[in-house]
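A structural walkthrough
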Amino acid sequence: MQAQAKPLTFNTPESSTKTEATALIKLRIEALSKHYGNICALQSLNLEVRSGELLTLLGASGSGKTTLLQVISGLVAPSSGRIVIDGQDQTHAPAHKRGIGVVFQNYALFPHLTVAQNVAFALDMRGVSRSEARVQVADALAMVGLKDLHQRFPRELSGGQQQRVALARCFVYKPSLILMDEPLSALDRQLRESMQMEIKRLHRETGSTIIFVTHDQDEALALSDRICLMHNGRIEQIDAPQVMYERPRSVAVARFIGLSNVIQGRVMTGDRIESADGTFALPGGHGFAPGDQAALVVRPEHIVLEDTGVVQGQVIESVYAGVETRVVLRLASGNSIIARRASGMPSLPLGAVLGVQWPTHQGHVLKA
Ligand SMILES: Nc1ncnc2c1ncn2[C@@H]1O[C@H](COP(=O)(O)OP(=O)(O)O)[C@@H](O)[C@H]1O
Ligand SMILES: [Mg+2]
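Residues numbered from 1 in each chain as written. Chains lettered and ligands numbered in written order. Predicted model: local features only at pLDDT ≥ 70, side-chain atom pairs only at ≥ 80, totals over all residues. Heavy atoms only, no water.

Here's the deal with the site of ligand 1
All residues in the neighbourhood of ligand 1 are listed as Tyr 36, Ile 39, Ala 41, Ala 60, Ser 61, Gly 62, Ser 63, Gly 64, Lys 65, Thr 66 and Thr 67. Backbone polar atom of Gly 62 to an oxygen atom of ligand 1: 2.7 Å apart, as the coordinates give it. Here Thr 67 contributes a side-chain N or O atom positioned 2.5 Å from an oxygen atom of ligand 1. The fraction of the free accessible surface of ligand 1 (560 Å²) that becomes covered by protein chains is 61%. Of all elements in the fold, only strand E2 (39-50) and helix H2 (65-73) reach the threshold of two or more residues within the shell around ligand 1. At 3 residues, the largest contribution of residues to the shell around ligand 1 is made by H2. Of the residues contributing to the shell around ligand 1, the split by class is 4 nonpolar, 6 polar and 1 charged. (Near = heavy atom within 4 Å. Polar contact = N/O pair within 3.5 Å; in protein donor to acceptor, adjacent residues only side chain to side chain. Areas by Shrake-Rupley, 256 points an atom, 1.4 Å probe, with all protein chains shown as cover. Helix = DSSP H or I, 4+ residues; strand = E, 2+ residues; numbered from the N terminus. Nonpolar A, V, L, I, M, F, W, Y, C, P; charged D, E, K, R; others polar.)

This is the structure we're talking about:
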């Protein structure tokens, strides 16, 4: 069915005065703040979203992700700052004039309209003729694999199918900027993963710019061209998933994306750190001075467990996870270390005492 789908090409409102530089930037956010009384939901954010990219806003609950989407879409006015879309200041433009498509977590379908009517509604609103709408609705439903279900009502669909209708309803009018607020969080894991693939495909086929909100790091790693990690209404880091994982800029990022071992301590001369668990070598060029407080971060896949190591640990937990086993060791200080062992390696009995080490260059030295 999907092979029959005609690729949709999206209209990008072009401004004739657009320069080369602005053509590459779909959305620019400048010094954007939003206060609710004395709650600061967004704190002077700056962000550029490139044309055609899929950017995820990732962060814990309450970090400001929804507020940022609401301000971009025009549903909520910012306290200060500017929103520029396709080179035009849209800070005060009404929501329906911004040409933005929105998909929410709760699908918000009309219960009394069929699948096809729900999708056609978006076109009716925009004054598209009936005959033209019929073609576009059929194309959009084919794109999300729902062509055969066009006459069903929402209550006759599974959660995943309803979310596909919501996607079709958004993609059908070809917005060049699409905002999605945790659209998959209500779905079970398998369905969520297949819908992630679906969204990636829709993104690829349409060339649209998508800002996708999630609190799920795996979802962000799987989907994104770039991840924007939010924390307390601020942006902690924006980078490609691999860069974010391999070169986190702060302990908050290292902790949020993937598993991390974090050793807090004081930097000493000779590229070493003194911690509650002993003194460890630091990779060169870390930029900290002797006496500085710092955190040494090591990913679990770089931890090596052998007879001897730079510190001893006792196995307190061993969790089998298919391709790997995660082993937790307690150090004398009470801190713990987590290690990943490929399946097939001999299992480690609880209580075993082992040496813990890691290649020095695999450590990241970050602000404590
Ligand atoms: N309408 C509102 N009135 C008051 N506070 C709000 C409102 N909307 C959001 N907030 C607050 O702003 C902060 C960010 O919320 P939100 O953007 O919903 O975060 P997220 O989507 O990342 O979970 C939270 O502290 C939240 O309580
Ligand atoms: Mg939210």
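Structural notes on a nonpolar patch on the surface
Taken together, the side chains of Leu 75, Val 102 and Phe 104 define a hydrophobic patch exposed on the protein surface, amounting to about 250 Å² of accessible area. Here Val 102 is to be found in strand E6 (residues 100-103). (Patch = residues over 30% accessible without salt bridge, like charges linked within 9 Å, V, L, I, M, F, W, Y side chains within 5 Å. Salt bridge = Lys/Arg side-chain N within 4 Å of Asp/Glu carboxyl O.)

What to know about unusual backbone geometry
Negative phi characterises most residues that are not glycine, and trans characterises most peptide bonds. Of note in the backbone geometry, Ala 31 takes a positive phi value of approximately 45° without being a glycine. Here Ala 31 lies in strand E1 (residues 25-36). Notably, Asp 271 is not glycine yet its phi reads approximately 50°, a positive angle. Position of Asp 271 among the secondary structure elements: in the loop between strand E11 (261-268) and strand E12 (272-275).

Topic: the packing of aromatic side chains
Under the defined criterion, the tally for this structure stands at 2 aromatic pairs. Note on Phe 110 and Phe 121: the rings are 4.7 Å apart at their centroids and 65° apart in plane angle, and the pair reads as edge-to-face. With Phe 110 in the loop between E6 and helix H3 (115-124) and Phe 121 in helix H3, this pair connects stretches of sequence that are 11 residues apart. Residue classification places Phe 110 among the partly exposed positions, given a relative accessible area of 28%. Judged by relative accessible area, which is 31%, Phe 121 ranks as partly exposed. Seen in terms of ring centroids, Phe 280 and Trp 358 are 5.3 Å apart; in terms of plane orientation they differ by 55°. Their pairing is tilted. Of this pair, Phe 280 sits in strand E13 (residues 278-281) while Trp 358 sits in the loop between strand E19 (353-357) and strand E20 (364-367), placing them 78 residues apart in sequence. With respect to burial, Phe 280 and Trp 358 carry one shared label: buried. Positioned over the ring face of Tyr 173 is Arg 126, at 3.5 Å from the centre of the ring. Against the face of Tyr 245 rests Arg 299, its NZ or CZ located 4.0 Å from the ring centre. (Phe/Tyr/Trp six-rings, centres within 6.5 Å; stacked < 30°, edge-to-face > 60°. Buried < 20%, exposed > 50% of the residue type's maximum accessible area, 1.4 Å probe, protein only. Lys NZ or Arg CZ within 6 Å of the ring centre and 35° of its normal.)

Quick notes on the domain arrangement of the chain
Its domain assignment divides the chain into domain 1 (2-246) and domain 2 (259-367). Computed from C-alpha atoms alone, the centre-to-centre distance between domain 1 and domain 2 is 40 Å. (Domains from an automatic or database assignment.)

Side note on the packing of H3 against helix H5 (residues 159-171)
Interhelical geometry of H3 versus H5 gives an angle of 30° and a closest axis separation of 8 Å. Classified by the angle their axes make, H3 and H5 are roughly parallel. Pair H3 / H5 crosses with right-handed handedness. Together, Val 115, Asn 118, Val 119 and Ala 122 of H3 and Val 165, Ala 168 and Arg 169 of H5 make up the contact between the two elements. For the contact of H3 with H5, the residue count by class is 5 nonpolar, 1 polar and 1 charged. (Axes fitted to C-alpha atoms, helices over the stretch in contact; angles between N-to-C directions. Parallel < 35°, antiparallel > 145°, perpendicular 65-115°, else oblique. Left-handed = near helix turned anticlockwise from the far one by under 90°. Contact = heavy atoms within 4.5 Å.)

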